[in-house]
Amino acid sequence: MEDTKIEFLYLSEEDMIEAGVLDAGKCVDTMGEVMTLLSEGDCMMGGRNRNNHGIQLMFPKKSDIKDFPLEDSRDRRFMSMPAYLGGRFHLAGEKWYGSNGRNTAKGLPRSILMVTLNDIETGQPLAYMSANLLSAMRTGAMPGLTAQYLARKDSKVISLIGPGAINKTCLMAYMAKFDSIETIKIKGSSAKSKTALDMKQFVEETYPQVKNVIVCDDLEEAVKDADIISEAVSVKDHQWPVFQPEWLKPGCVFISSGTMDMTDHNFMKDHMTKVVDNIHMYEEYIEVYEEYDADGNRKSSGTPGMYFVNMIEDGLIDKKEVYHLGDIVRGTAPGRTSDDQMFLVSLGGMPILDIGWGYECWQNALKKGIGTKLKLWDKPYLA
């Protein structure tokens, strides 16, 4: 008689910290493995084309039903992000989250996230874990991986556009892979914004080897002379930051994890190497989320990946001109070929990343005896 008892491991945020979720260097290495599997096709996400970022509850703008939740400006959303990841990971999983901008007034993060890992054969749960730190670290590790492969090895200046939690983890990843950084520039909503000053304090306390930590008044000051530009801005009503090509240093890598505007398509076409994490995911984005004005004109997208798709559709560039980061990591696509080569990189986030880093944390927890075992059943009532 087979043993039909099922237990899974629950990991709180404190457990995740003890299991190494904040190890930025290891997270970058794991993201390299995940992107290689993506390049090889040994993974899948949801949707008809197996490349969906996730499935989101789309709330209506109005309803006749009393207390029905509505779409508003405070980012109320719920999203399921399922995926399978192959290779040594070989499991399925899902990141699930709810988000509401009103949370901050309650002392809560805007988004509250959990990750589930499941056996790919039986479907049984293996682990259920707090994922706010997991998600933030894998998000920051992707720009770190990008810089590791595309930035100049002698990079000295990092520009952080949007000094929130994501750029903090981006910085952790950059610093784990570059010991040449001398200057970090910070651009928040203002030179005196709390997030900008908090980031300055974090840099000074965590990385005393950095010689210059500068809170900038404007975007041009922040971007000028930067080797690595790290954009992670969250905006409302399409008011994303606008970058001018003449601000960019030859040889820089511009990494966007948020929303930005560089509407000089000719400059992007002729002078920047275009890289994405997954072009097919942006094609799905366009289909679901693209907006048009009252005259039927397409609104600016805000993410470079969607810019690239629009440029392909408009015949400005060929799809072959947009490289996949996983192919570069794997060595089947070119990386940097000259010191002056400039890159524009779009990273949109994928659940395979959550599964990869969640797997590592789960394995560490098992080795260290961290977490709480929870019983699903000793024997299923219905079998």
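Everything discussed here concerns the structure shown above.
Residues numbered from 1 in each chain as written. Predicted model: local features only at pLDDT ≥ 70, side-chain atom pairs only at ≥ 80, totals over all residues. Heavy atoms only, no water.

Let's shift gears to the packing of helix H4 (residues 165-177) against helix H5 (residues 194-206). Taken N-terminus to C-terminus, the directions of H4 and H5 make an angle of 20 degrees; their axes are 11 Å apart at the nearest point. Viewed along their axes, H4 and H5 adopt a mutual orientation that is roughly parallel. The chirality of how H4 crosses H5 is right-handed. Where H4 approaches H5, its residues Asn 167, Lys 168, Leu 171 and Met 172 are matched on the opposing element by Met 199, Phe 202 and Val 203. Of the residues in the contact of H4 with H5, the class split is five nonpolar, one polar and one charged. (Axes fitted to C-alpha atoms, helices over the stretch in contact; angles between N-to-C directions. Helix = DSSP H or I, 4+ residues; strand = E, 2+ residues; numbered from the N terminus. Parallel < 35°, antiparallel > 145°, perpendicular 65-115°, else oblique. Left-handed = near helix turned anticlockwise from the far one by under 90°. Contact = heavy atoms within 4.5 Å. Nonpolar A, V, L, I, M, F, W, Y, C, P; charged D, E, K, R; others polar.)

Further remarks concern the side chain of Arg 152. Counting through the fold element by element, Arg 152 comes out in the loop between helix H3 (132-150) and strand S8 (157-161). Among all residues touching Arg 152, those that are not within four sequence positions of it are Phe 178, Gly 251, Arg 336 and Asp 339.

On the secondary structure map, Pro 245 appears in the loop between strand S11 (228-231) and strand S12 (253-256). Judged by relative accessible area, Pro 245 falls into the buried class, the value being 10%. Each C-alpha atom of the pair Pro 245 and Met 268 lies 8.6 Å from the other, and the pair is 23 residues apart in sequence. In this structure Pro 245 touches Asp 264 and Phe 267, once residues within four positions along its chain are discounted. (Buried < 20%, exposed > 50% of the residue type's maximum accessible area, 1.4 Å probe, protein only.)

The next thing to look at is the environment of Phe 308. With respect to the secondary-structure elements, Phe 308 resides in helix H9 (residues 304-313). Discounting residues that sit within four places of it in the chain, Phe 308 has contacts with Met 268, Lys 274, Val 275, Val 276, Ile 317, Val 322 and Leu 344.

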